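Read off the chains here:
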Amino acid sequence: MDWDRTLFHNSLIALYLIAPPTFISLRFLQAPYGKHHRPGWGPTVPPSLAWFLMESPTVWLTLLIYPLGDRSSNPRSLILISIYLFHYIHRTLIYPLRLRNSTAAKRNGFPVSVALMAFGFNLLNAYLQARWVSQYANYEDDGWFWWRFWVGLVIFLDGMLVNVRSDLALVGLKSQGGGYKVPRGGWFESVSCANYFGEVVEWLGWAVMTWSWVGLGFLLYTCANLVPRARANHKWYLEKFGEDYPKGRKAVIPFLY
């Protein structure tokens, strides 16, 4: 259908257009949650509820849209969308449950305004990823598919392992009470935001697996969103802990940045 192709095309352009202003704005103004919590952003909700609601389109919208595609029954498409959902079922359901035990999370609410912006992005991105994989990608005639798939899958799973382990470490520190502490172990010995590093690696793997402008756009937006926040978190750690904070750590990219 022409209208659907036009919608998909315009949505893809929008994904690329919002990445630069996101990166630029987050260089100067951090979203007011977590370490950067501050008043003045309107009503708040518990962080666990915010994460569940704002990430939820990646699950329910994907499950609604994917079966409508002409290639939804193709084994390659099914494998790809299952991997995408694997990440987001954890992010939407499991991660918020872990946040419920965090004393810091209970003390600082999550602004509804920020959650709504994230909800809007996830609507856009879930539509693009699901529609590409189930309708517009032609993996049947792609002789390089399995080569790229296995390379991308290894990258994706490695990134998810880093992301999940790092989130567990951070939630564990918050659950101990007594304020923020220096995270240690794993990739935290190299970067301040190992959880963000893991997520960037994940979507690099996804971009390789899908080999698409959609996957690349998601990776670029992830970097535009997380790299400035990682830089701000790194600066926050240095200011809060001073000489006690490991000086060799980078912000988010090991040995580089």
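Since this is a predicted model, take the numbers as computed values, not measurements. (Residues numbered from 1 in each chain as written. Predicted model: local features only at pLDDT ≥ 70, side-chain atom pairs only at ≥ 80, totals over all residues. Heavy atoms only, no water.)

### Quick notes on the packing of aromatic side chains
Part 1 of the argument: Enumeration according to the criterion identifies 30 aromatic pairs in this entry.
Part 2 of the argument: Seen in terms of ring centroids, phenylalanine 156 and tryptophan 203 are 5.6 Å apart; in terms of plane orientation they differ by 70°. Their pairing is edge-to-face. Taken together, the positions of phenylalanine 156 in helix H7 (residues 145-175) and tryptophan 203 in helix H8 (residues 194-210) put the pair 47 residues apart, joining distant regions of the chain. Of the two residues, phenylalanine 156 and tryptophan 203, both sit in the buried class.
Part 3 of the argument: Where tryptophan 203 meets phenylalanine 218, the ring centres are 4.5 Å apart and the plane angle is 40°; that geometry is what we call tilted. Of the two residues, tryptophan 203 is situated in helix H8 and phenylalanine 218 in helix H9 (residues 213-241); the sequence distance between them amounts to 15 residues.
Part 4 of the argument: Residue classification places tryptophan 203 among the buried positions, given a relative accessible area of 0%.
Part 5 of the argument: Residue phenylalanine 218 is classed as buried on the basis of its relative accessible area of 3%.
Part 6 of the argument: Among the aromatic residues, ring-to-ring pairing joins Tyr84, Tyr88, Phe121, Phe156, Trp203, Trp206, Phe218 and Tyr221 into one connected group.
Part 7 of the argument: The lysine or arginine in question, arginine 91, covers the ring of tyrosine 95, its NZ or CZ lying 4.6 Å from the ring centre.
Part 8 of the argument: Above the face of the phenylalanine 241 ring, lysine 240 is positioned so that its terminal group lies 5.9 Å from the ring centre. (Phe/Tyr/Trp six-rings, centres within 6.5 Å; stacked < 30°, edge-to-face > 60°. Helix = DSSP H or I, 4+ residues; strand = E, 2+ residues; numbered from the N terminus. Buried < 20%, exposed > 50% of the residue type's maximum accessible area, 1.4 Å probe, protein only. Lys NZ or Arg CZ within 6 Å of the ring centre and 35° of its normal.)

### Observations regarding the UniProt feature "transmembrane region" (unreviewed entry) in the chain
Part 1 of the argument: UniProt records the feature "transmembrane region" (unreviewed entry) for residues 12-29, 49-66, 78-97, 109-133, 145-164 and 203-227 in the present numbering.
Part 2 of the argument: For residues 12-29, helix accounts for 94% and strand for 0%, while the C-alpha atoms at its two ends are 26 Å apart.
Part 3 of the argument: Between the end C-alpha atoms of residues 78-97 there is a gap of 28 Å, over a span that is 100% helix and 0% strand. (UniProt positions renumbered as here; feature names shortened; annotations may be inferred.)

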